[in-house]
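Breakdown of the fold
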Amino acid sequence: MHDKFINVTKIFTFDSAHKLENYDGNCKYLHGHTYKLEITIRGKTDYRGMVIDFNELKKIVNEKIISKLDHKYLNDVFDFNTTCENMVVWIFNELNGVLNSKNYLLKKVRLWETPTSYAELEREDFYNEGQ
């Protein structure tokens, strides 16, 4: 273990359909996306030289997020408007309590709705790296 903070990221994809409420454009109609989800963990390495085992991260994200959203109609899953912004907040909140240990915490969630558009939520007050 060393004293440097390291970011590690794992990328996931899932397919879902939705329509936007209170929106005056094509997205008010039923349509689908192949979402790309990036989960970033920040921390110090453990005795193995890992911040987090990628297999452990995959298991957690698949259980908490992907299994709930993949091949689903998002308007039936959520009680909020299914914008990318609202979804990234939900994902961050779902993972925040699970993805933390004495060595790491959830740093950032980035959700790509299209290949050119994403929303992200990043933990600001994360670690005091000056210590």
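The rules we used
- Residues numbered from 1 in each chain as written.
- Predicted model: local features only at pLDDT ≥ 70, side-chain atom pairs only at ≥ 80, totals over all residues.
- Heavy atoms only, no water.
- Axes fitted to C-alpha atoms, helices over the stretch in contact; angles between N-to-C directions.
- Helix = DSSP H or I, 4+ residues; strand = E, 2+ residues; numbered from the N terminus.
- Left-handed = near helix turned anticlockwise from the far one by under 90°.
- Contact = heavy atoms within 4.5 Å.
- pLDDT = per-residue confidence, 0-100.
- Buried < 20%, exposed > 50% of the residue type's maximum accessible area, 1.4 Å probe, protein only.
- Polar contact = N/O pair within 3.5 Å; in protein donor to acceptor, adjacent residues only side chain to side chain.

**Comments concerning the packing of helix 1 (residues 54-69) against helix 3 (residues 84-96)**
Any two packed helices are characterised by how steeply their axes cross, that is the angle between the axes, and by the distance between the axes. Across the interface, helix 1 lies against helix 3 with an axial gap of 10 Å and an inter-helix angle of 145 degrees. Like other packed secondary-structure pairs, helix 1 and helix 3 cross with a definite hand, here right-handed. Here Ile60, Val61, Lys64, Ile65, Lys68 and Leu69 of helix 1 come into contact with helix 3, specifically with Met87, Trp90, Ile91, Glu94 and Leu95.

**Points about the confidence of the model for the chain**
Here the chain averages 92 in pLDDT, while 93% of its residues score no lower than 70. Note on residues 126-131: pLDDT under 50 across the span, and 12 contacts to partners over four residues away in sequence or across chains.

**Quick notes on the side chain of His33**
One can find His33 in strand 2 (residues 31-43). Taking relative accessible area as the criterion, His33 reaches 13% and is therefore assigned buried. A polar contact is formed between the side chain of His33 and the side chain of His18, at a distance of 3.2 Å. A polar atom in the side chain of His33 sits 3.1 Å from the side chain of His31. If near-sequence neighbours (up to four positions away) are discounted, His33 is found in contact with Phe14, Asp15, Ser16, His18, Glu113 and Thr114.

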